[in-house]
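Chain by chain, the residues run as shown.
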Amino acid sequence: VYPDRAKTEAMLEESTGMFLELLDARRAEPKDDLLTAMVLAEDEGRFLSDDEIISNLHLLNFVGHETTDGQIGNSMLALLRNPDQLQLLRERPDLMRSAVDEFIRYDPSGAWAHIQFATEDFEINGQQLHAGERIAFCLASAHRDPEAYQNPDKFDITRNPEKNISFGIGAHYCIGAALARLELAVVFERLLARYPRLELAGEVTYRPNAFIRGPLTLDVDLGIA
Ligand code: HEM
């Protein structure tokens, strides 16, 4: 996620050490939490190995944080660049649910679905694909499809976008979708209640990550002296 690879690797190593300590602690003293559930998960006498648990913990840590974090930034930016919609949300807090779906449609942090592999040769839009080739689906692009949405480039918090596929579809549907929606609603309810004036205060810079999109810096004038 971050440009400094050595730093990223050191952070991964440190968090792996922390996870291993936590696993030992839960084995010694089970608690009512996700880690204990993973330690105790059993299928026909087989338990998850430490490697399996740790790779899932890294996945959850990463996708549970970077996505929502990026989405808060993308949503903030959409509101700041569309002051009429920001004002409307202040006046109509009942629109929050539709606004959250529109945040995720208009500028999703999960801009791409997982890479898929073609299981057979096929042609799509004049493009020949062969079995075994990798395919990346750009969900962000699907959300700007004029056949799916009227005026798709307009940010409209009253839209109630029903065909939102920002959390994927099918077997790999995002397990954190309900949590992410809740987090976004709480963040914007609190922000709008706390700051009666919010304005963009500079250029936005983006994280160097093609798969999870979100600002690295987003300067906001909170209207307080
Ligand atoms: C706004 C926030 C989020 C967005 C936009 C988002 C988006 C996505 C997308 C597009 C996928 C892939 C679907 C596919 O390839 O078919 C996905 C999968 C996943 N998401 Fe999220 N996500 C968000 C928040 C979260 C949170 C908060 C968690 C966990 C607490 C989470 C956990 C996961 C996991 C574990 C998967 C993989 C599911 C699987 O492969 O079976 N996500 N998410």
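Residues numbered from 1 in each chain as written. Predicted model: local features only at pLDDT ≥ 70, side-chain atom pairs only at ≥ 80, totals over all residues. Heavy atoms only, no water.

### Structural notes on the site of the ligand
In step 1: Around the ligand, 19 residues are found, and the nearest of them are T67, H114, S166, H172 and C174.
In step 2: Contacts to the ligand include H172, whose side-chain N or O atom sits 2.8 Å from an oxygen atom.
In step 3: Elements with a minimum of two residues in the shell around the ligand: helix 3 (50-81) and helix 7 (177-194).
In step 4: Looking at the shell around the ligand, the element that brings in the most residues is helix 3, giving five residues.
In step 5: Among the residues making up the shell around the ligand, the classes are represented as eight nonpolar, eleven polar and no charged. (Near = heavy atom within 4 Å. Polar contact = N/O pair within 3.5 Å; in protein donor to acceptor, adjacent residues only side chain to side chain. Helix = DSSP H or I, 4+ residues; strand = E, 2+ residues; numbered from the N terminus. Nonpolar A, V, L, I, M, F, W, Y, C, P; charged D, E, K, R; others polar.)

### Quick look at helix 4 (residues 83-91)
In step 1: Every buried residue of helix 4 is listed here: Q85, L86 and L89. Down the axis of helix 4, the sector holding all buried residues measures 105°, keeping them to one side. Residues P83 and E91 are exposed on helix 4 and point more than 90 degrees away from its buried face. (Buried < 20%, exposed > 50% of the residue type's maximum accessible area, 1.4 Å probe, protein only. Arc of directions from axis to C-beta.)

### Observations concerning a nonpolar patch on the surface
In step 1: Together, L34, L59, L60, F62, V63 and I175 give the surface a local cluster of nonpolar side chains, amounting to about 550 Å² of exposed area.
In step 2: If one sorts the elements of the nonpolar patch by residue count, helix 3 sits on top with four residues.
In step 3: Within the secondary structure layout, V63 lies in helix 3.
In step 4: By relative accessible area, which is 34% here, V63 ends up partly exposed. (Patch = residues over 30% accessible without salt bridge, like charges linked within 9 Å, V, L, I, M, F, W, Y side chains within 5 Å. Areas by Shrake-Rupley, 256 points an atom, 1.4 Å probe, with all protein chains shown as cover. Salt bridge = Lys/Arg side-chain N within 4 Å of Asp/Glu carboxyl O.)

### Description of the layout of surface pockets
In step 1: The space that makes up the largest pocket amounts to roughly 1,300 Å³.
In step 2: Surrounding the largest pocket, 41 residues form its lining, W112, H114, F167, H172 and C174 being those nearest its centre.
In step 3: Of all the secondary structure elements, the ones that give two or more residues to the lining of the largest pocket are helix 3, helix 6 (139-142) and helix 7.
In step 4: Ranked by residues supplied to the lining of the largest pocket, first place goes to helix 3 with nine residues.
In step 5: For the lining of the largest pocket, the per-class residue count stands at 26 nonpolar, 14 polar and one charged. (1 Å grid on protein atoms, 1.4 Å probe; cavity = no way out; pocket = protein on both sides within 12 Å on 5 of 7 lines; lining within 4 Å. Points joined across faces, edges and corners; volume = space filled by probe spheres on them.)

### A closer look at the coordination of the iron atom of the ligand
In step 1: A lone protein donor contacts the iron atom of the ligand, and this donor is C174 (SG), found at 2.3 Å.
In step 2: Structurally, C174 can be placed in the loop between helix 6 and helix 7. (Donors = N, O, S within 2.8 Å, 3.2 Å for Na, K, Ca; no water.)

### Here we look at the pattern of salt bridges
Two side chains of opposite charge can pair, provided their charged atoms sit close to one another.
In step 1: On inspection of all chains with the given rule, the structure shows 14 salt bridges.
In step 2: R207 is paired through a salt bridge with D69; the nearest N and O atoms lie 2.3 Å apart. Separated by 138 residues along the polypeptide, R207 in the loop between strand 8 (205-206) and strand 9 (215-217) and D69 in helix 3 bring together distant segments of the chain.
In step 3: A residue is classified by how much of its surface remains accessible, and D69, at 35% relative accessible area, is partly exposed.
In step 4: Put simply, D107 and R213 hold a salt bridge, and the shortest N to O gap is 2.7 Å. Placement of the pair is D107 in the loop between helix 5 (96-106) and strand 3 (116-117) and R213 in the loop between strand 8 and strand 9, with a sequence separation of 106 residues.
In step 5: Because the salt bridges share partners, they merge into one network encompassing E66, D69 and R207.

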